[in-house]
Amino acid sequence: MVVAALVPYLVVSVALDPLAPIIARELDMSTAQTNLAVGLANAGYALGTVLSVQAAQHLPQRRMMLLYTAFLVVGSVFAASATEPVLFIVGHVLQGLCTSLLLIAAVPPLVTGFPPSRLTPTAVILNLSIFGGVALGPLIAGVQVQADSWRPLFWVIAAIAIVALLLSLLTFQDVPPADPTATRSPVAVVLATAGCVAAFYGASQFLPGRSLDANTLAPLAGGLALIVILLIQQYRAKRPLLILRPLTTTLPAVGIVVAMSAAATSVAAVALTGVVLRNRYSPLELGLLYLPEFGGAVIAAIVFAKLFTTRALHYFALVGMLSLVSGIALVAASVPPGTTRTLIATGLIGVGVGASVTPALFIAGFSLRNNALQRVFAIVELLRAVAAFMIAPILLYVAATVGDTPAEGARVALWICLGVSAGGTLLAILLYPLGGIRPPSPAVQRWFGGEAAWDSPPLLAAIRRGSAGREPPRAGTGTSA
């Protein structure tokens, strides 16, 4: 049920860029309108993380899941059957919003609702399904572009959404609200709504050939500022909707850095590679060049199954980031890359994404009690969505406007992408010694018993201890100060 609900939108979010010209031609949409559809759908995906947590606290959770799945079906049918721009935009926005609502509403109960022995296969199947599906997105897009069609893909997505709805009905068990006594957080919802819509609208206005002006930069900057204000407000709140304060320790910070860096740079790298190669290969050939990405995701899922409940989970996430950096570097070093280089690079990117994002989510989740998993996933997914879906259009704009040739602009954008991924990897590695901790093994039984799977020290704990050791004892406090 969860896979059928989550995977279709994640696939189409990757496949939509090459399909956009065909959709625009058939529905008489401008480039600005197709970008707006993508931007608002991504805003819905980011916003849904907050709305889903708020609804789960006060409303029957499984009934809400049925409602989300029903609207996912409606949105998918709207998008597939659209004959004019507004209906397509509304349908695609519903797809993004409902996918995120279902992600937060369904995945945490799936992870914690079975005995500990089922945790590893559950996590592995989710990892393979989600990132394997995303890796197949470019190939699916290539098949559709080669056929000069887009509706079959959207009708298949609508059919899968109907399957998710049927499975939701067949597996229905009424579940009460998570915490009816929880404080309602209208301020957080308003900040998240305004911030996500404004920021993603601004990102959608980065159109090739269009100069940057206040109409573009103001919504982007204002939206990002509102999201930052949301994070600060939730960090300082006595009874917050989103759990932030416990996430500001070493191990959750590692997970968040890895998840954001991997999501942002992998989406941008795949999009930029497609831009520089689309004139050299047919759409189907270009899609086949991304097939090693799926193979890499499969390899990562197999290794993940072996390492999930060991201390190697931490090293696996960092190795995934190094694989991602290597894949991007291969493409950036030679633009446009040759066939062999592209095949190797996409394989490394597939390994990198599959080996980094899901481990990063669990590194953050294991650091808190399992009854907080829903709120942990919500904040990590919000930050990951902002990073993944906002940096890509900006780098595509850089590729189209910087340099004397498209290849030179793409090279600059890819080097920026490489710098972000390498910087995120280095920061994640350094956080361990700076926190004074070696990668621990998760105590899964303890986590299912209601405690954190490991103890996470404060950020920069090693530096703080060193500074405290150098300070002279204060009067009346003794040397333990």
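Below: a short report on this structure. (Residues numbered from 1 in each chain as written. Predicted model: local features only at pLDDT ≥ 70, side-chain atom pairs only at ≥ 80, totals over all residues. Heavy atoms only, no water.)

### A short note on the overall build of the chain
From N to C terminus, the chain includes 17 helices and zero strands. Computed over its C-alpha atoms, the radius of gyration of the chain comes to 22 Å, within 12% of the 23 Å expected for a compact globule of 481 residues. Reported as C-alpha extents along the three principal axes, the dimensions of the chain are approximately 75 × 50 × 45 Å. The buried share among the 481 residues of the chain stands at 53%. Intrachain contacts of the chain at a sequence separation of at least 6 include 82% that bridge at least 24 residues. Total accessible area on the chain stands at roughly 19400 Å², and carbon and sulfur atoms take up 68% of it. Looking at the chain, you have 26 positive and 16 negative side-chain charges, and the mean spots of the two groups are 15 Å apart. (Helix = DSSP H or I, 4+ residues; strand = E, 2+ residues; numbered from the N terminus. Rg over C-alpha atoms; globule rule 2.2 N^0.38 Å. Buried < 20%, exposed > 50% of the residue type's maximum accessible area, 1.4 Å probe, protein only. Contact = heavy atoms within 4.5 Å. Areas by Shrake-Rupley, 256 points an atom, 1.4 Å probe, with all protein chains shown as cover. Lys, Arg positive; Asp, Glu negative; His and termini not counted. Charge placed at Lys NZ, Arg CZ, Asp CG, Glu CD.)

### Some thoughts on the packing of helix H9 (residues 250-277) against helix H13 (residues 339-365)
In contact at an axis separation of 8 Å, H9 and H13 are set at 155 degrees when each is read in the N-to-C sense. Between H9 and H13, the crossing angle belongs to the class labelled roughly antiparallel. Pair H9 / H13 crosses with left-handed handedness. From H9, Leu 251, Pro 252, Gly 255, Val 258, Ala 259, Ala 262, Ser 266, Ala 269, Val 270, Thr 273 and Leu 277 reach across to H13, where they touch Thr 342, Ile 349, Val 353, Ser 356, Val 357, Ala 360, Ile 363 and Ala 364. Looking at side-chain class alone, the contact of H9 with H13 contains 14 nonpolar, five polar and no charged residues. (Axes fitted to C-alpha atoms, helices over the stretch in contact; angles between N-to-C directions. Parallel < 35°, antiparallel > 145°, perpendicular 65-115°, else oblique. Left-handed = near helix turned anticlockwise from the far one by under 90°. Nonpolar A, V, L, I, M, F, W, Y, C, P; charged D, E, K, R; others polar.)

### Quick look at a nonpolar patch on the surface
On the surface, Leu 67, Phe 71, Val 74, Phe 78, Val 86 and Val 90 cluster together to form a nonpolar patch covering roughly 470 Å² of accessible area. Note on placement: Phe 71 falls in helix H3 (residues 61-81). (Patch = residues over 30% accessible without salt bridge, like charges linked within 9 Å, V, L, I, M, F, W, Y side chains within 5 Å. Salt bridge = Lys/Arg side-chain N within 4 Å of Asp/Glu carboxyl O.)

### Regarding the state of the cysteines
Following the criterion strictly, the structure yields zero disulfides and no others. Cysteine Cys 98 shares no disulfide, and the gap to the nearest cysteine sulfur, in Cys 196, comes to 15 Å. Judged by its relative accessible area of 3%, Cys 98 is buried. (Disulfide = S-S within 2.5 Å.)

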